[in-house]
Amino acid sequence: SYSFCTLLWEGGGAQGPHKRNPLWSYTPCPSLMSDDSLKMWREVLREGGKVDETVMIEVTSAGESEEEEGGKLEILPLVVLVFYGVSGGPFGIEAAVGAGGSFNAMLGFIFLPIIWAIPEALVTAELSTAFPEPAGFVAWVETAFGPFWGFMEGYLSWMSGVTDNSLYPLLLFEYVTVAYPELDDPTVKIPAVFTMVLCLVYLNYRGLEVVGRTAIVLCLFSMSPFLIMAVLGLPKLDLSRLMEGPPAKTADMGLFINIVFWNFNYWDSAAAFAGEVKDPGRAFPKALFYAVVFVVLAYSIPTMIGIAATRDDLSEWGDGHFSAVGEYLGVWEC
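Please read these numbers as outputs of a predicted model, since none were measured by experiment.

Topic: the overall build of the protein
Each helix and strand counted, the protein has 13 helices and two strands in total. Across the protein, the fraction of contacts at a sequence separation of at least 24, relative to all contacts at a separation of at least 6, is 78%. Per element, the accessible surface of the protein, about 17,900 Å² overall, is 66% carbon and sulfur.

Details of the pattern of salt bridges
In total, this model carries four salt bridges according to the counting rule given. Salt-bridge contacts for Arg241 lead to Glu244; the nearest nitrogen and oxygen are separated by 3.4 Å. Of the charged contacts, one joins Asp279 and Arg282 as a salt bridge, the two residues approaching to 3.1 Å between their closest N and O atoms.

Considerations on the packing of aromatic side chains
By convention here, two paired aromatic rings are described through the distance between centres and the angle between planes. For the coordinates displayed, the defined rule picks out 15 aromatic pairs. Judged by centre distance (6.4 Å) and plane angle (50 degrees), the ring pair of Phe109 and Phe264 falls under tilted. You can see Phe109 sitting in helix H5 (residues 94-130) and its partner Phe264 sitting in the loop between helix H11 (253-262) and helix H12 (280-308), a full 155 residues away along the chain. With respect to class, Phe109 is no different from Phe264; both count as buried. Each ring, one from Phe109 and one from Tyr299, has its centre 5.7 Å from the other, and the planes form 35 degrees; the classification is tilted. Pair noted here: Phe109 is in helix H5 and Tyr299 is in helix H12, with a separation of 190 residues, a long-range link. On the basis of relative accessibility, which here comes to 1%, the residue Phe109 falls in the buried class. On the accessibility criterion, Tyr299 (0% relative accessible area) is buried. In this structure an aromatic cluster arises from ring pairing among Phe91, Phe226, Trp317 and Phe322.

A word on the side chain of Ser300
Note that Ser300 resides in helix H12. When sequence neighbours within four positions are dropped, the list of residues in contact with Ser300 reads Met106 and Phe109.

Overview of unusual backbone geometry
Keep in mind that most residues, glycine aside, have a negative phi and that most peptide bonds are trans. Positioned with a positive phi, Tyr266 is a non-glycine residue whose angle comes to about 75 degrees. Checked against the element boundaries, Tyr266 lands in the loop between H11 and H12. Located in the positive-phi region is Asp279, a residue other than glycine, with phi close to 55 degrees. Along the chain, the position of Asp279 falls in the loop between H11 and H12.

Side note on the nonpolar core
Of all hydrophobic cores here, the largest spans 60 residues; its most connected members are Leu78, Val82, Phe109, Met229, Phe264, Trp267 and Leu288. Looking at this core, the elements that each hand over two or more residues are helix H4 (75-86), H5, helix H8 (167-179), helix H10 (208-233), H11, H12 and helix H13 (321-329). With 12 residues, the single largest contributor to this core is H12. Those residues in contact with Leu288 that sit more than four places away from it in its chain are Val82, Ala121, Thr124, Ala125, Trp267 and Ala270.

Some words on the environment of Leu78
Considering the arrangement of structural elements, one finds Leu78 in helix H4. Owing to a relative accessible area of 0%, Leu78 belongs among the buried residues under this scheme. A sequence separation of 192 residues divides Leu78 from Ala270, and the C-alpha atoms of the two residues are 8.2 Å apart. Not counting the four nearest positions on each side in its chain, Leu78 is found in contact with Leu73, Phe273, Val277, Ala283, Phe284 and Ala287.

Examining H11
Taken residue by residue, H11 has Phe256, Ile259 and Val260 as its buried positions. Buried residues along H11 cover an arc of 95 degrees about the axis, so they all sit on one side. Every exposed residue of H11 that faces more than 90 degrees away from the buried side is listed here: Gly254 and Ile257. In this structure, the buried residues of H11 make contact with H5. Its side-chain oxygen at 3.3 Å from the backbone nitrogen of Gly254, Asp252 defines the N-terminal cap of H11.

A closer look at the confidence of the model for the protein
On average, residues of the protein carry a pLDDT of 79, and 78% of them reach 70 or more. In this model residues 1-33 is a low-confidence stretch, pLDDT under 50, and it forms 69 contacts with partners more than four residues away in sequence or in other chains. Scored below 50 in pLDDT, residues 50-69 shows 26 contacts in the model against residues more than four places distant or in partner chains.

Here we look at helix H6 (residues 137-145)
Within H6, burial applies to Phe137, Ala139, Trp140, Val141, Thr143 and Ala144. Of the residues one or two after H6, Gly146 is the one with positive phi, at around 105 degrees.

Rules of the game
Residues numbered from 1 in each chain as written. Predicted model: local features only at pLDDT ≥ 70, side-chain atom pairs only at ≥ 80, totals over all residues. Heavy atoms only, no water. Helix = DSSP H or I, 4+ residues; strand = E, 2+ residues; numbered from the N terminus. Contact = heavy atoms within 4.5 Å. Areas by Shrake-Rupley, 256 points an atom, 1.4 Å probe, with all protein chains shown as cover. Salt bridge = Lys/Arg side-chain N within 4 Å of Asp/Glu carboxyl O. Phe/Tyr/Trp six-rings, centres within 6.5 Å; stacked < 30°, edge-to-face > 60°. Buried < 20%, exposed > 50% of the residue type's maximum accessible area, 1.4 Å probe, protein only. Core = buried A, V, L, I, M, F, W, Y, C linked by side-chain atoms within 4.5 Å. Arc of directions from axis to C-beta. Polar contact = N/O pair within 3.5 Å; in protein donor to acceptor, adjacent residues only side chain to side chain. pLDDT = per-residue confidence, 0-100.

This is the structure in structure tokens:
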């Protein structure tokens, strides 16, 4: 398959001895390139941009050979890993309802994917097929702007990941303590969170294939209560409740925008899997499309059911509120 390479600069970019060669923008080149193939293209362009048939065949063959070897990660595990990189489910979105109201929340789950999630997913799909390597977005930035900014991208992404991922074990425990208040004790919480982190570290140590298979099982387990919630809540829907504005007690549009944006971010994290994906030129666009649909449904359906099938005041919506919705609808009995 072929892609248009639009971010490659020769001779150190705009400040280097060579200006941007327009051939990069308009010449179709293989989506998948080995290092040797990329070097061949650069040498061709340094010689004036003349591409003969022999070089084109050599580069194309190298790209196809690389694609055939590929990695071992297939589409389904990739979809789930992207889903967890971006979302992981509707956990943590409840405060968006309390801050912005039901109408704004539902509108945000439909509108933001159009202006943010889909474009970011398309960029990720394009560049991940052009750079099928574990460096992911670091390779994109380094190729476009040089090694310093590539390093900064890697460092800042690592810092962002450490900060962001530290929230999730605690967030999970918030849901557990709603159902079992007796566990809301530091002597229980700290060892439990520490154990969860060690388990996740061990899974990463075992490799991406194990992580992918485990992620599928965890996804089925974590999303099953919301599926039951949807089935039980559908007959009780009062759609007029979806038109309510921000509740007076907890209205905060800044918080609302921040929560919705945060829950549709990090699509580029999928690029870190590019070197491990089987046939990335075909797998990435499909996986990201399925993941966008999955994320939108995972947010909008539980939120719609939680608002329209219950009588809870919207000001009560905060972290862990889905546990209360599940209790009201009888999910835990199921």
